[in-house]
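Reading the structure
Spelled out, the chains give:
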Amino acid sequence: MSDLDEAKQKLSEMVRSMNPQLVCKIPEETANGFFQITITNNEKTLHLPLSEDDLFDFVEDPSRMKQIRGKMEQLIRDLRA
């Protein structure tokens, strides 16, 4: 498994651990340099753009992981609104 695939898997697992009812999709390729991460419940879909560097930092840098987790938590709250 490549480092990028590992980072995608860890991000997806984090979302699932926060709310197992959500679907997190991470595309294979970037669009304009960003992965358009989608978080979906039964009613809404929201997006979080992350660069490839952001994904690598998510795995390697605890402070960056905390920032991205905070953004995901906000998206999850927005899905409920």
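That block above? That's the structure.
Since we're looking at a predicted model, the values are computed, not measured.

1. So, unusual backbone geometry
Not every positive phi belongs to a glycine, and asparagine 32 is a case in point at roughly 55 degrees. Within the fold, asparagine 32 resides in the loop between β1 (23-25) and β2 (34-40). Here asparagine 32 falls in the exposed class, since its relative accessible area comes to 79%.

2. Let's talk about the pattern of salt bridges
Counting across every chain of the model gives 3 salt bridges. Glutamate 6 is the salt-bridge partner of lysine 10, the closest N and O atoms lying 3.8 Å from each other. In this pair, lysine 10 and glutamate 6 both sit in helix α1 (residues 3-18), 4 residues apart, roughly one turn of the helix. On the accessibility criterion, lysine 10 (35% relative accessible area) is partly exposed.

Conventions adopted
- Residues numbered from 1 in each chain as written.
- Predicted model: local features only at pLDDT ≥ 70, side-chain atom pairs only at ≥ 80, totals over all residues.
- Heavy atoms only, no water.
- Helix = DSSP H or I, 4+ residues; strand = E, 2+ residues; numbered from the N terminus.
- Buried < 20%, exposed > 50% of the residue type's maximum accessible area, 1.4 Å probe, protein only.
- Salt bridge = Lys/Arg side-chain N within 4 Å of Asp/Glu carboxyl O.

Interpretation note: all reported values are geometric properties and have no functional meaning in isolation.
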